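A look at the structure
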Amino acid sequence: MKKPLKKNKSWDKKKIAVFVTAAGLIIFGSFYYVIPKVHYYDDVANQAGLVNVRELTLLAVRGLKKDAPVEPRTGDVYFPESRLYLPNPDIALPLTYLIDNSDVTNSQAELSISTYPVRGTHTLYMVRDVEHLFEAVPKLQACSRGVKLVSNKFPPDNTQNELKHTVRLNNGKELFIYLEKACPELNDTADLLKNIQAY
């Protein structure tokens with residue numbers, strides 16, 4: 001009778017060892033496989049909600065400006081309300097501008113020129129949550145405002161804009177080309193605009 005009792009104790013130890021090993025594998029598997037999957041699905045769900053906010057933000061910015069008309073034969077870009085044109089700039093991204101209801105060469109009006117898509121927006125596509133998305137909005141706004149053309153220099157205490165070029169137009173007037181320091185991606189665009197002329 002003692003022998004079967006020892007067999008049961010041995011069998012119980014094996015059961016416990018198998019149970020502990022199985023439990024360990026399950027716990028290890030959950031940390032290794034299940035928990036990362038849960039984080040992945042949470043991240044995907046957050047991204048789905050983020051897409052709507054990002055696209056609405058970009059649409060709002062896009063709605064502020066309109067495409068600058070391009071003369072098909074020459075490739076010259078026009079800013080009709082300001083009576084200015086840019087001889088064929090030969091660029092890939094179309095230029096956009098903020099409608100200026102007055103002649104920028106005769107007033108303190110400002111002509112704001114940018115590109116479409118707005119440069120500096122790549123950060124919006126890399127963020128993982130709404131908080132970081134809104135941290136990227138000031139740069140988006142700066143790049144949307146873009147390059148500013150004015151007939152009078154900004155005051156010296158204006159530290160957010162940098163004077164890039166002074167242009168003497170073919171009508172004898174001067175334009176000052178400013179770029180927001182928060183959007184250095186538009187440096188090339190500012191350099192292109194030094195060829196702008198009146199018509």
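Summarised in this report is the structure supplied together with it. If you're wondering where the values come from, they're calculated on a predicted model, not measured in any experiment.

**Here we look at unusual backbone geometry**
Cis peptide bonds are those with omega within 30 degrees of zero, and the linkage from tyrosine 116 to proline 117 qualifies with -5°. Relative to the helices and strands, proline 117 is located in the loop between strand E5 (110-115) and helix H2 (122-126). Of note, arginine 83 is a non-glycine position whose phi angle comes to about 60°, a positive value. Mapping arginine 83 onto the fold places it in the loop between strand E2 (77-79) and strand E3 (84-86). Positioned with a positive phi, aspartate 90 is a non-glycine residue whose angle comes to about 50°. A relative accessible area of 68% places aspartate 90 in the exposed class.

**Quick look at the sheet that holds strand E8 (residues 174-180)**
Spatial strand order, E1-E4-E5-E6-E8-E7: six strands in an open sheet with antiparallel pairing. A strand with exactly one partner marks an edge of an open sheet, and here the two such strands are strand E1 (66-67) and strand E7 (161-168). When E5 meets strand E6 (residues 147-150), the two strands line up antiparallel, connected through four bridges. Its bridge partner being in E6, leucine 111 is matched across the sheet by leucine 149. Against the sheet, helix H3 (residues 130-145) touches E5, E6 and E8, its axis set at about 115° to E5.

**A word on the environment of leucine 93**
Structurally, leucine 93 is set in the loop between E3 and strand E4 (95-97). Residue leucine 93 is classed as partly exposed on the basis of its relative accessible area, which comes to 24%. A sequence separation of 25 residues divides leucine 93 from valine 118, and the C-alpha atoms of the two residues are 9.2 Å apart. Non-local contacts of leucine 93, meaning those with residues more than four positions away in its chain, are made with Thr115, Tyr116, Pro117 and Arg119.

**Re the environment of leucine 179**
With respect to the helices and strands, the residue leucine 179 is situated in strand E8. Looking at leucine 179, the relative accessible area reads 3%, which means it is buried. Put simply, leucine 179 and arginine 145 are 34 residues apart on the chain and 9.1 Å apart in space, counted from C-alpha to C-alpha. Once residues within four sequence positions are removed from consideration, leucine 179 is found in contact with Gly146, Val147, Gln160, Asn161, Glu162, Lys164, Leu186 and Asn187.

**Let's talk about the sheet that holds E2**
As summarised here, the arrangement of the three strands in space is E2-E3-E9, forming an open sheet in which the pairing is antiparallel. Looking at which strands have only one partner, the edges of the open sheet turn out to be E2 and strand E9 (197-198). In this structure, E2 lies alongside E3, joined through three bridges in antiparallel fashion. Each bridged residue has a counterpart across the sheet, and for phenylalanine 79 the counterpart in E3 is leucine 84.

**So, the pattern of salt bridges**
When charged atoms on two side chains of opposite charge get close, those side chains can pair. Taken as a whole, this structure holds eight salt bridges when the rule is applied. As a salt-bridge pair, lysine 66 and glutamate 81 come within 3.1 Å of each other at their nearest N and O atoms. With lysine 66 in strand E1 and glutamate 81 in the loop between E2 and E3, this pair connects stretches of sequence that are 15 residues apart. Where glutamate 174 meets arginine 168, a salt bridge forms, and the shortest distance between an N and an O atom there is 3.4 Å. When its relative accessible area of 32% is taken as the criterion, glutamate 174 is described as partly exposed. Among the residues examined, arginine 168 registers a relative accessible area of 54% and is labelled exposed. Beyond isolated ion pairs, a larger network of salt bridges with shared partners links Arg145, Lys148 and Glu180.

What counts, and where the lines are drawn
- Residues numbered from 1 in each chain as written.
- Predicted model: local features only at pLDDT ≥ 70, side-chain atom pairs only at ≥ 80, totals over all residues.
- Heavy atoms only, no water.
- Helix = DSSP H or I, 4+ residues; strand = E, 2+ residues; numbered from the N terminus.
- Buried < 20%, exposed > 50% of the residue type's maximum accessible area, 1.4 Å probe, protein only.
- Pairing = 2+ DSSP bridges.
- Contact = heavy atoms within 4.5 Å.
- Axes fitted to C-alpha atoms, helices over the stretch in contact; angles between N-to-C directions.
- Salt bridge = Lys/Arg side-chain N within 4 Å of Asp/Glu carboxyl O.

The analysis is restricted to geometry; functional conclusions fall outside its scope.
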